[in-house]
Amino acid sequence: MFAQFRADTQVCPYIGQSLRMSLYDSLDRYVEESRPRFEEWLGRLVEIPTVSMDPARRNDMWRGAEVAVGCLTSLGAQATIVETGGYPLVVGGWTQDPAWPTVTVYNHLDVQPAMEPEWTREPFKFTVEGEHYHGRGATDDKGPALTALLAARYAAEHGVRLNIQFVWELEEEIGSPHFAEGLAKAMNFRKPDSVVVSDTIWLAGGRPAAPYGLRGNLAARLILETARREAHSGLTGGVARNPLTELAAVLAACVDAKTGRVTIPGFYKSVRPLGKTDRAQFLRSGFQVKTFAAAHQLTKLRVRDRMEVMKRLWAEPTFEVHGFVGGYTGPGVKTSIPPRAEAKVSMRLVPAQDPAAIFRIFRAYVRKLNPDVHVEAHGMLRPYVADLGGPYAEAVRKALRFGFGKEPAFIREGGSIGAVVTMAKRWKVPVMFLGLSLPEHGYHAPNERFDWGQASGGMKAFVAYFDEVSRITGKTQGSRTA
Ligand code: BES
Ligand code: MN
Ligand code: MN
């Protein structure tokens, strides 16, 4: 009698009818048993300094790709390296039956530089302290990549009828310049029915977020040279042009330092006002200014009004100065005039700002302000916004509820992921976000970390997501970019 009862029609007590008991029976045990393996592979990946913007790390990029292939194959997945004109992609997974739906899982394995003086450990040495995993790239984005991978293996080995193909990028942190080329070159990589990206951040610990939009980005360097070498200011001061002073003036003309309002003429022309739905989603998100400021260790803010803060973070453009290079930086004051200066800036963009158009007005404006400043673009990423709702959003909701006992807030986020826009445009399929990072994990910050709570809950969430998505059929909503 019981033997006839089909396991896959039983009801999962946690989340209702849709989940099969047979799939979930041994999941908790699998997650616990996966821990040593997870830690071992995360350690291996973190200890390779895959800093995509540092030319000195060039060899490490391929070493990272090879270790990633080893990780996939040791778990029973197929895997290959796809070369591009830049750093390669790693693609692989379990593609078992062309009749089943296919999901593409996106993560990146390149990381940001780790030169901040506040690091209390070696950034590229992996350390486990209880539940915490320390090292550059632990949360952005190596930990989430391995979490999704271990979940995919479980799903593939426990009868989830879904093809799961991973794409791991090694140029995300420099704006994904060869991502489209890599996808085009990847053999056996088919057009998926949907994409899931695990590279975003929760509102706070215990408060999952699933973005339906990201900001775009336009990065640039401003370079000004006024002499061939440094000169004594007693001998040349008053006559020699000072590149640091002049660049400071250019920057001051681009943004109001107090309010953050961008003062490049025409910059806001195509910015759309915040929609009703966005506003409602933001309001009900549970975002808290205090928690936000504490997680990022911000000691002073421009504004404190909750709605104003969310709007500025997720739906308004910015102009930031990231670095100002030149002159004397040693102890004391050396009274010389520097020969050159450089400013590193970027602008976060929102729908419907076009990065190329913004770059043109920015360059023209800088030329007008100071014709000797050389302006160089460093990556242009479009903003992204998708439709809210639909079966894939429902799958994300169920998955996070299953993995963490909490439903996500559907909001927009302020960061940028170039590959997202590329995939949405190329395949015109839903691109969903199942991020696992917490604000206090420190994206790009000193003492970056990930933790087992997010990894173990994340594995369960991903298994539930794969299960849900395997049963979505028919024509579904697309996604749009702005
Ligand atoms: N994971 C982030 C993107 C992100 C940040 C999403 C915050 C959601 C919230 C990604 O790795 C990243 O840092 N992207 C860069 C891209 C840039 C260098 C072109 C970014 O946003 O600065
Ligand atoms: Mn990332
Ligand atoms: Mn990043």
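Residues numbered from 1 in each chain as written. Chains lettered and ligands numbered in written order. Predicted model: local features only at pLDDT ≥ 70, side-chain atom pairs only at ≥ 80, totals over all residues.

Moving on: the overall build of the protein chain. The number of helices and strands found in the protein chain is 14 helices and 19 strands. Computed over the C-alpha atoms, the radius of gyration of the protein chain is 24 Å, within 12% of the 23 Å expected from 2.2 N^0.38 for a compact globule of 482 residues. Its C-alpha atoms put the protein chain at 100 × 45 × 40 Å along the principal axes. Taken across its 482 residues, the protein chain has 45% of its residues classed as buried. For the protein chain, the share of sequence-separated contacts (at least 6 apart) that also reach a separation of at least 24 residues comes to 80%. (Helix = DSSP H or I, 4+ residues; strand = E, 2+ residues; numbered from the N terminus. Rg over C-alpha atoms; globule rule 2.2 N^0.38 Å. Buried ≥ 20, exposed ≤ 12 C-beta atoms within 10 Å, placed from the backbone. Contact = placed C-beta atoms within 7 Å.)

Take the pairing of strand β8 (residues 209–214) next. In terms of burial, β8 is largely enclosed, as six of its six residues are buried. Bridging between β8 and strand β16 (residues 409–413) involves five bridges; their strand directions are parallel. Across the sheet, residue leucine 214 finds its bridge partner in β16, namely glutamate 413. As defined by bridge partners, β8 adjoins strand β15 (residues 384–385) across two bridges and the pair is classed as antiparallel. (Pairing = 2+ DSSP bridges.)

Taking 1.5 Å of rise per residue, 14 residues should cover 20 Å, and helix α12 (residues 391–404) covers 20 Å from first to last C-alpha, within 8% of that figure. With ten of its 14 residues buried, α12 lies for the most part within the structure. The inward-facing, buried residues of α12 contact β7 (194–197), β8, β16, β17 (431–433) and α14 (452–470). Positive backbone phi, approximately 75 degrees, marks glycine 405, located one or two places after α12. (Expected span 1.5 Å × (residues − 1).)

This part covers the environment of valine 420. Tracing the backbone through its elements, the reader meets valine 420 in helix α13 (residues 418–427). Judged by C-beta crowding, with 28 C-beta atoms within 10 Å, valine 420 ranks as buried. The spatial distance from the C-alpha of valine 420 to the C-alpha of tyrosine 384 is 7.8 Å, given a sequence separation of 36 residues. Once residues within four sequence positions are removed from consideration, valine 420 is found in contact with Val197, Leu214, Tyr384 and Val431.

Here we take up the packing of helix α2 (residues 27–46) against helix α4 (residues 138–157). As a packed pair, α2 and α4 sit with axes 10 Å apart at the nearest point and diverge in direction by 140 degrees. Taken together, α2 and α4 sit at an angle that is classed as oblique. Relative to α4, α2 is oriented so that their crossing is right-handed. Contacts between α2 and α4 pair Leu27, Tyr30, Ser34, Phe38, Trp41, Leu42, Leu45 and Val46 from the former with Ala138, Lys142, Gly143, Leu146, Leu150 and Tyr154 from the latter. Classifying every residue of the contact of α2 with α4 gives eleven nonpolar, two polar and one charged. (Axes fitted to C-alpha atoms, helices over the stretch in contact; angles between N-to-C directions. Parallel < 35°, antiparallel > 145°, perpendicular 65-115°, else oblique. Left-handed = near helix turned anticlockwise from the far one by under 90°. Nonpolar A, V, L, I, M, F, W, Y, C, P; charged D, E, K, R; others polar.)

Further remarks concern the site of ligand 1. Surveying the vicinity of ligand 1 reveals 17 residues, the closest of which are Gly175, Thr200, Glu413, Gly415 and Ser416. Among the elements of the structure, α4 and β14 (374–381) are those that each provide at least two residues to the shell around ligand 1. In terms of residue class, the shell around ligand 1 is made up of four nonpolar, seven polar and six charged. Residues lining the shell around ligand 1 come from more than one domain, with at least three contributed by each of domain 1 (7–214 + 384–481) and domain 2 (216–271 + 316–381). (Near = placed C-beta within 6 Å. Domains from an automatic or database assignment.)

With that out of the way, let us pick up the packing of α4 against α14. At a minimum axis distance of 8 Å, the contact between α4 and α14 shows a crossing angle of 50 degrees. Judged on the interaxial angle alone, α14 and α4 are oblique. For the crossing formed where α4 meets α14, the hand is right-handed. On α14, the residues that touch Gly143, Pro144, Thr147, Ala148, Leu150, Ala151, Ala152, Tyr154 and Ala155 of α4 are Ala455, Gly458, Met459, Phe462, Val463, Phe466 and Asp467. Residue composition of the contact of α4 with α14, by class: twelve nonpolar, three polar and one charged.

Take the sheet that holds strand β4 (residues 127–129) next. A sheet is described by the order of its strands in space; here three strands give the open sequence β4-β5-β18, paired in antiparallel fashion. A strand with exactly one partner marks an edge of an open sheet, and here the two such strands are β4 and β18 (449–451). Taking the axes of each pair of neighbouring strands and ignoring which way they run, one obtains an average angle of 25 degrees across the sheet. Alignment of strand β5 (residues 132–134) against β18, held across three bridges, turns out to be antiparallel. Residue pairing for β18: tyrosine 133 is matched across the bridge by phenylalanine 450. Lying over the sheet, α4 contacts β5 and β18, oriented at roughly 35 degrees with respect to β18.

Let us look at the nonpolar core. Formed by 119 residues in total, the largest nonpolar core has its most connected members in Tyr465 and Phe466. A domain split of this core shows at least three residues from each of domain 1 (7–214 + 384–481) and domain 2 (216–271 + 316–381). Dropping the residues within four chain positions of it, phenylalanine 466 is found in contact with Val103, Ala151, Ala152, Ala155, Val160, Leu162 and Ile164. (Core = buried A, V, L, I, M, F, W, Y, C linked by C-beta atoms within 7 Å.)

A word on the domain arrangement of the protein chain. Split by domain assignment, the protein chain resolves into domain 1 (7–214 + 384–481) and domain 2 (216–271 + 316–381). Of note, the centres of domain 1 and domain 2, computed from C-alpha atoms alone, are 36 Å apart. Opposite the eight residues of domain 1 that make contact, domain 2 presents six residues. Here the residues of the side of domain 1 that touches domain 2 sort into four nonpolar, four polar and no charged.

Glancing now at the sheet that holds strand β2 (residues 89–94). Spatial strand order, β1-β2-β6-β3-β7-β17: six strands in an open sheet with mixed pairing. Among the strands making up the open sheet, the edge pair consists of β1 (78–82) and β17. Across the sheet, the mean angle from the axis of one strand to that of its neighbour is 20 degrees, orientation sign disregarded. Sheet analysis places strand β3 (residues 102–108) next to strand β6 (residues 163–169), joined by seven bridges and oriented parallel. Paired with threonine 104 across the bridge in β6 is glutamine 165. Along the sheet face, α13 touches β3, β6, β7 and β17 and points at about 145 degrees away from the line of β17.

Residue position: lysine 460 is located in helix α14. Separated by 192 residues in the primary sequence, lysine 460 and tyrosine 268 place their C-alpha atoms 43 Å from one another. Leaving out residues up to four positions away in the same chain, lysine 460 has contacts with Leu27, Val31, Phe402 and Gly403.

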